[in-house]
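# Per-entry structural report
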Amino acid sequence: MGFSCGIVGLPNVGKSTLFNALTATQAAEAANYPFCTIEPNVGRVAVPDGRLDQITTLANAARTVPTQQEFVDIAGLVRGASRGEGLGNKFLAHIREVGAVVQVLRCFADDNVTHVEETVDASRDADIVATELMLADLESLERRALPLTKKARTGERDAKAELAVIEPVLEALRQGRPARTIAKPEGGKRGLHLLTDKPMLYVCNVDEADAAAGNAETEAVAAMAAAEGAASVVISAKIEAEVALLSEAEERREYLAQMGLNESGLDRVVRAGYGLLDLITFFTASITEARAWTVRQGTLAPGAAGTIHGDFERGFICAETIAFDDYVACGGETGARDAGKMRQEGRDYPVADGDVIRIRFNV
């Protein structure tokens with residue numbers, strides 16, 4: 001599974017507006033008609049993390065380099081996508097390539113913006129997308145299960161084992177439940193590559209007046225997300241697009257404050273997408289630069305070293321590690337070392353979120 005999040009939804013719900021705001025570009029055409037995004041646009045967005053600013057200050061680093069999250073703007077879906085309606089085949093193929101799904105739901109009324117379903121109903125729209133994804137998964141698994149069933153009847157062990165994984169998922173899909181609601185068997189779902197097994201974030205796109213408190217539509221989506229183990233956030237894509245045009249951080253803060261917001265909705269989306277992918281951040285710091293790095297939860301120290309440079313992994317000796325809280329409390333690396341808070345971790349150490357690390361290696 002990749003480190004990217006695919007932005008999906010029905011046409012005209014604000015997907016491309018959100019993508020443009022995320023990337024602060026007009027790379028994705030935002031137009032008032034279906035399928036204006038034919039090929040997926042890809043953008044990389046800095047992950048907001050106040051810890052990096054603190055590390056930069058304490059290390060007296062000359063520059064700051066945040067880690068990034070990748071977002072893919074995918075063509076709008078309509079009913080029948082699983083049967084190839086609209087741009088269904090492209091839509092489903094692009095979703096298969098991303099690690100998590102960010103579904104934008106229209107939670108605002110505007111007579112000037114057409115709705116492919118004619119009325120505003122976010123829960124219904126979410127159900128349309130979910131149904132198409134489940135139908136695609138159901139067709140894929142049923143094709144896969146048919147030959148396995150024949151082999152299992154002859155006593156083939158591997159076929160029986162694979163069917164034991166597939167059948168509970170098939171049953172859930174037939175009941176209208178996505179694959180992610182099924183507990184993973186030992187060893188995972190054995191590379192089934194299911195669309196509905198991907199973690200989901202619902203982004204409720206509201207008008208400016210509802211950006212701070214939400215509305216009845218966003219409340220319904222929040223309840224739906226909680227019931228299926230997904231997450232949801234409320235944003236106004238229009239506000240975010242305006243904020244993206246402001247070059248100064250203070251201007252952005254003042255604009256958001258005028259709208260009754262403490263932070264950008266995009267920041268919440270980026271952090272939520274990062275969490276969906278089970279990612280964590282570790283840091284390196286020197287007089288030259290303070291940098292954030294992305295690894296998946298549970299990555300061992302040599303693997304984390306490899307994200308910095310391949311030689312670091314090949315010649316890995318140890319990771320001199322300071323927990324973020326200790327780094328700050330001790331005033332940086334020197335203070336942490338003097339206080340005995342720097343640890344030498346070996347090859348079997350799973351890197352923790354917030355670790356400040358210096359790699360020792362020899363190639």
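First things first, this report covers the structure right here in the doc. (Residues numbered from 1 in each chain as written. Predicted model: local features only at pLDDT ≥ 70, side-chain atom pairs only at ≥ 80, totals over all residues. Heavy atoms only, no water.)

## A short note on the overall build of the protein chain
The helix and strand tally for the protein chain stands at 13 helices and twelve strands. Buried residues in the protein chain amount to 47% of all 363 residues. Within the protein chain, residue pairs in contact and separated by at least 24 positions form 68% of the contacts whose partners lie at least 6 positions apart. When the accessible surface of the protein chain is totalled, it reaches about 17,200 Å², and 49% of it is carbon and sulfur. (Helix = DSSP H or I, 4+ residues; strand = E, 2+ residues; numbered from the N terminus. Buried < 20%, exposed > 50% of the residue type's maximum accessible area, 1.4 Å probe, protein only. Contact = heavy atoms within 4.5 Å. Areas by Shrake-Rupley, 256 points an atom, 1.4 Å probe, with all protein chains shown as cover.)

## Some points on the layout of surface pockets
What the largest pocket holds in volume is close to 750 Å³. As for the largest pocket, its lining consists of 29 residues, and the residues nearest its centre are Ala46, Pro48, Arg252, Ser264 and Asp267. Contributing elements (two or more residues each) for the lining of the largest pocket: helix H1 (15-23), strand E2 (41-46), helix H2 (50-59), helix H7 (237-244), helix H8 (249-258) and helix H9 (265-276). By residue class, the composition of the lining of the largest pocket is 17 nonpolar, four polar and eight charged. (1 Å grid on protein atoms, 1.4 Å probe; cavity = no way out; pocket = protein on both sides within 12 Å on 5 of 7 lines; lining within 4 Å. Points joined across faces, edges and corners; volume = space filled by probe spheres on them. Nonpolar A, V, L, I, M, F, W, Y, C, P; charged D, E, K, R; others polar.)

## A word on the pattern of salt bridges
Counted according to the given criterion, the structure contains 18 salt bridges. Put simply, Arg180 and Glu228 hold a salt bridge, and the shortest N to O gap is 2.8 Å. On the criterion of sequence distance, the pair formed by Arg180 in the loop between helix H5 (157-174) and strand E6 (200-205) and Glu228 in the loop between helix H6 (216-227) and strand E7 (231-235) is long-range, its members being 48 residues apart. Since its relative accessible area comes to 22%, Arg180 is described here as partly exposed. Its salt-bridge partner being Asp311, residue Arg314 comes within 2.2 Å of it at the nearest N-O pair. One end of the pair is Arg314 and the other is Asp311, both in helix H11 (residues 310-314) and three residues apart, which spans about a single turn. Asp311 gets classed as partly exposed once you look at its relative accessible area, which sits at 25%. Each of Asp49, Arg51 and Asp353 takes part in one network of salt bridges that share partners. (Salt bridge = Lys/Arg side-chain N within 4 Å of Asp/Glu carboxyl O.)

## Overview of the environment of Leu173
With respect to the helices, strands and loops of the structure, Leu173 is situated in helix H5. Judged by relative accessible area, which is 5%, Leu173 ranks as buried. Distance from Leu173 to Leu141, taken between C-alpha atoms, is 9.8 Å for residues 32 residues apart in sequence. Setting aside residues no more than four positions away along its own chain, Leu173 makes contact with Met134, Asp137, Leu138, Leu141, Pro178, Ala179 and Thr196.

## Focus: the side chain of Ser264
Along the chain, the position of Ser264 falls in the loop between H8 and H9. Engagement of the side chain of Ser264 in a polar contact is seen with the backbone nitrogen of Leu266, the distance being 3.0 Å. (Polar contact = N/O pair within 3.5 Å; in protein donor to acceptor, adjacent residues only side chain to side chain.)

## Structural notes on the packing of H1 against H7
Each pair of packed helices can be described by the angle between their axes along with the distance between the axes. The interhelical angle for the contact between H1 and H7, taken along N-to-C directions, is 30°, at an axis separation of 8 Å. The angle between H1 and H7 places the two elements in the roughly parallel class. Our pair here, H1 against H7, has a crossing hand that is left-handed. Between H1 and H7, the residues in contact are Thr17, Leu18 and Ala21 and Ala237, Glu240, Ala241 and Ala244, respectively. (Axes fitted to C-alpha atoms, helices over the stretch in contact; angles between N-to-C directions. Parallel < 35°, antiparallel > 145°, perpendicular 65-115°, else oblique. Left-handed = near helix turned anticlockwise from the far one by under 90°.)

## Regarding the packing of aromatic side chains
Per the counting criterion, the structure on display carries two aromatic pairs. Judged by centre distance (6.5 Å) and plane angle (15°), the rings of Phe282 and Trp293 are stacked. Of this pair, Phe282 sits in strand E8 (residues 279-285) while Trp293 sits in strand E9 (residues 289-296); the two residues are eleven residues apart in sequence, bridging distant segments of the chain. For Trp293, a relative accessible area of 14% gives the class buried. Ring centres 4.4 Å apart and planes at 40° place the aromatic pair Phe312 and Phe361 in the tilted group. Of this pair, Phe312 sits in helix H11 while Phe361 sits in strand E12 (residues 356-361), and the two are 49 residues apart along the sequence. The exposure class assigned to Phe361 is partly exposed, which follows from its relative accessible area of 35%. (Phe/Tyr/Trp six-rings, centres within 6.5 Å; stacked < 30°, edge-to-face > 60°.)

## Some words on the sheet that holds strand E4 (residues 68-73)
Spatial strand order, E2-E4-E1-E5-E6-E7: six strands in an open sheet with mixed pairing. Pairing within the sheet leaves two strands with one partner each, and these edge strands are E2 and E7. Between one strand axis and the next, the sheet turns through 25° on average, direction left out of account. Sheet topology places E2 next to E4; six bridges connect them, and they run antiparallel. Considered in E4, the bridge of Val45 is made with Gln69. Against the sheet, helix H4 (residues 122-153) touches strand E5 (100-106) and E6, its axis set at about 145° to E5. (Pairing = 2+ DSSP bridges.)

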